[in-house]
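# Analysis of the macromolecular model
Chain by chain, the residues:
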Amino acid sequence: MDKIKELRKKSMALPKLPGVYIMRDKDRNIIYIGKAKALKNRVSQYFGSQNNHMEKVRRMVSNVDDFDYIITDSEFEALILECSLIKQNAPKYNILLKDDKGYSYIKVTGDKWKKISYSLQQDDPSATYIGPYKSSYYVKSAVEEANRIFMLPTCNRQFPRDIRKARPCLNYHIKQCCAPCTGRVSLGDYNERVESALKFLKGGSTSAVAEMTKEMNEAAERLDFEKAAKIRDRISAVKKMNDKQKVVDIKVDEQDVIAYITDGDKGTFEVFRFKDGKLFDREHFMVDNDNDSIEMMSEFITRYYTIRDDVPKQITLDREVLDSELLEQWLSEKRGARVYIVVPQRGDQKQLVDMCRKNATERLAQTKGSTTGEYSVLEELRDALGLEKIPEYIEAYDNSNLSGTENVCGMVVCENGKMNKSAYKKFKIKGFDGQDDYASMAEVIDRRLTEYENAEEGVGFGRKPDLILLDGGKGQVNAVLPVMERHNLDIPVFGMVKDDRHRTRAIVSGNGEIAISRKRKLFTFISKLQDEVHRFAIGYQRQRRNMNTFKSSLTDIPTVGNERAKALLKHFRTIKNISQADYDELLNAPKMNKTSADEVYRYFHKNEDE
């Protein structure tokens, strides 16, 4: 703390001039580099109240032992210097993007029955390679399209070795492979397909269609209508592919589209790159989320175009960005022509941004083992409740009792959008007798948080929930909030309210209701969660009621008390099994002796002959 005070005193003496600041640790290693319009204002923020910073910023500040600074003539010069210094020093706490884009090739095998694939290396001396290409996405997509259009095999079978050795695969049945494995395709016809596919890959769809049209007409003039029909089908397939490509056709010939998705801990940047109105490349980058999204986007743009030489004339973003005019000036200078940064609000460009965001969500969801739909509803829940991060680990609670008896509570867990049944927990209310829903909920949450404080971190009760949902309204929430304060834990708590027909109506906080009925995905998610926790709590309450009913019938037997009845039920599972057990099985059961075995056996066999 003394070091923070010392650094704050030093930062307050900085000039209010543009420049670059360099944070160093105790070993003088550079751990963060930033730019500022006014050095004093920006740097002093780091050493003020730490409550306003996110976790990663707090960690960075805790490791700062000293800082240097360089004054520049303008903020634009500061930006250029910052980019240069970050590229040279790769500080730990800056966004660092690895430029791992190698070259890709189209590979054509050297055997008689050639196959076309994409490759990152030229590792087969017998094969022919076309390239290199900078975009691996383009090469992979183009090869997949060519194989599909010209119905070439992509399996591991080798020809002629595997001809007629096995049934054709699914691709043959869905008309995506000519299936040379059936023996019905001649080598000449097969290689003709391969040559057409290579012309398509080398010359593009327009050139391929023109050449195939010429071949089709020549075949028709020779009255070779069968061949002409085959070529016609290939032309049709190419045109269909072009129609699909028009889904991403745009009015701007050259642009990059960038979207950012975060769950509060990790974030994903997705980049779609367009040239000549077509998507030709895409990239994604996973980063630690250490700042607000607007500042993160600004830093990402500077890092991304530091490692990329080609800057498009338009960069389309899914959100506003800090210093957009400054970034446009830097990018324009790098490109040698005017560059525009736009944030569309409607139209085709907005749809393009939404598609990019959807793909970013899918990337992030994959890292959590979820689907896009499961993760997007958590994102919607975060926005609806005003949470700081996506609630990946949600606990839901519901009470159940029978006229004030058998008072229990069930807890279900939703992890990354999926129900995690292995984490479900059951609670028997111990603090009081009778029916008190508020007191029951407060007791259960208190016990759960006590377990969290004493358990191994990250395991079972040792994992802190991102969100707690209670089956109930404002009363249940207000009953639990003092418990949260007592344990000094900042966990969002909300209630799930049902209408008169016992259907989910809204989410409530201590201050009021949040309507969710118009948000279909969120409404369905909360309804399922509420139904699941209700089912689990009711099931536990019935289980205890049945257990007590069984025990009461057993305790009618002389020498069988509660403990012995409980042991019998645990061992035999059901009353029916106990009644059908022979004498020796009863005698050898836990907590049984000869007298008790006699009494239990006689009780269930009293109508039988001696």
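For the structure itself, consult the block above.
Residues numbered from 1 in each chain as written. Predicted model: local features only at pLDDT ≥ 70, side-chain atom pairs only at ≥ 80, totals over all residues. Heavy atoms only, no water.

## Considering the packing of helix α1 (residues 2-12) against helix α2 (residues 39-46)
Between α1 and α2, whose axes approach to 8 Å, the crossing angle comes to 170°. The orientation of α1 with respect to α2, classified from their angle, is roughly antiparallel. In contact with R8, S11 and M12 of α1, α2 contributes K40, V43 and S44. When its residues are assigned to classes, the contact of α1 with α2 shows 2 nonpolar, 2 polar and 2 charged. (Axes fitted to C-alpha atoms, helices over the stretch in contact; angles between N-to-C directions. Helix = DSSP H or I, 4+ residues; strand = E, 2+ residues; numbered from the N terminus. Parallel < 35°, antiparallel > 145°, perpendicular 65-115°, else oblique. Contact = heavy atoms within 4.5 Å. Nonpolar A, V, L, I, M, F, W, Y, C, P; charged D, E, K, R; others polar.)

## Focus: the sheet that holds strand β11 (residues 340-342)
Within a sheet, adjacent strands bond to each other through the backbone by hydrogen bonds, running parallel or antiparallel. Strand order in the open sheet made by the 5 strands is β9-β8-β7-β10-β11, with mixed pairing throughout. Each edge of the open sheet is held by one strand with a lone partner, namely β9 (278-288) and β11. Strand-to-strand, the axes of this sheet are offset by a mean angle of 20°, without reference to chain direction. As judged from the 3 bridges shared by strand β10 (residues 314-317) and β11, these two strands associate in the parallel manner. Note on β11: the bridge partner recorded for I315 is I341. Strands β7 (254-262), β10 and β11 of the sheet are contacted by helix α10 (residues 324-335), whose axis makes an angle of about 140° with β11. (Pairing = 2+ DSSP bridges.)

## Here we look at the pairing of β9
Strand direction decides the pairing type here: strand β8 (residues 266-275) and β9, joined by 10 bridges, are antiparallel. Paired with T268 across the bridge in β9 is M286. Here β8 hands over to β9 after 2 residues, with D276 in that stretch at a positive phi of 55°.

## Concerning helix α14 (residues 474-487)
With 14 residues, α14 should reach 20 Å at 1.5 Å per residue; the first-to-last C-alpha distance of 20 Å fits that figure. When α14 is considered as a whole, its buried residues turn out to be Q476, V477, A479, V480, V483, M484 and H487. As for α14, its buried residues are in contact with α13 (437-454), β16 (467-471), β17 (493-498) and β18 (504-508). Looking at the residues trailing α14, positive phi occurs at N488, about 55°. (Expected span 1.5 Å × (residues − 1). Buried < 20%, exposed > 50% of the residue type's maximum accessible area, 1.4 Å probe, protein only.)

## Structural notes on the environment of P391
For P391, the position within the fold is in the loop between α12 (372-385) and β12 (393-402). The exposure class assigned to P391 is buried, which follows from its relative accessible area of 1%. Placed 75 residues apart in sequence, P391 and D466 show a C-alpha to C-alpha distance of 5.0 Å. Not counting residues within four places of it along the chain, the set of residues in contact with P391 comprises L378, L381, R382, D466 and L467.

## Observations concerning a nonpolar patch on the surface
On the surface, L17, Y69 and I71 cluster together into a nonpolar patch covering about 260 Å² of accessible area. Residue classification places L17 among the partly exposed residues on the basis of a relative accessible area of 39%. (Patch = residues over 30% accessible without salt bridge, like charges linked within 9 Å, V, L, I, M, F, W, Y side chains within 5 Å. Areas by Shrake-Rupley, 256 points an atom, 1.4 Å probe, with all protein chains shown as cover. Salt bridge = Lys/Arg side-chain N within 4 Å of Asp/Glu carboxyl O.)

## Some thoughts on the sheet that holds strand β1 (residues 19-24)
Reading across from one edge, β2-β1-β3 is the order of the 3 strands in this open sheet, with antiparallel pairing throughout. Looking at strand neighbours, the two that pair on one side only are β2 (30-36) and β3 (66-71), the edges of this open sheet. Recorded for the sheet is a direction-independent mean angle of 20° between the axes of neighbouring strands.

## Describing the side chain of D318
Inspection of the secondary structure assignment puts D318 in the loop between β10 and α10. At 3.2 Å, the side chain of D318 forms a polar contact with the backbone nitrogen of Y260. The contacts of D318, once residues within four sequence positions are left out, are I258, A259, Y260, M297, V343, V353 and R357. (Polar contact = N/O pair within 3.5 Å; in protein donor to acceptor, adjacent residues only side chain to side chain.)

## Observations concerning the environment of I445
Residue position: I445 is located in helix α13. Considering only alpha carbons, one finds I445 and M484, 39 residues apart in sequence, at a separation of 8.3 Å.

## Section: the side chain of H487
With respect to the helices and strands, the residue H487 is situated in helix α14. By relative accessible area, H487 is classed as buried at 12%. Within the local environment of H487, its side chain forms a polar contact with the side chain of E453, the two groups lying 2.8 Å apart. Not counting residues within four places of it along the chain, the set of residues in contact with H487 comprises D446, L449, T450 and E453.

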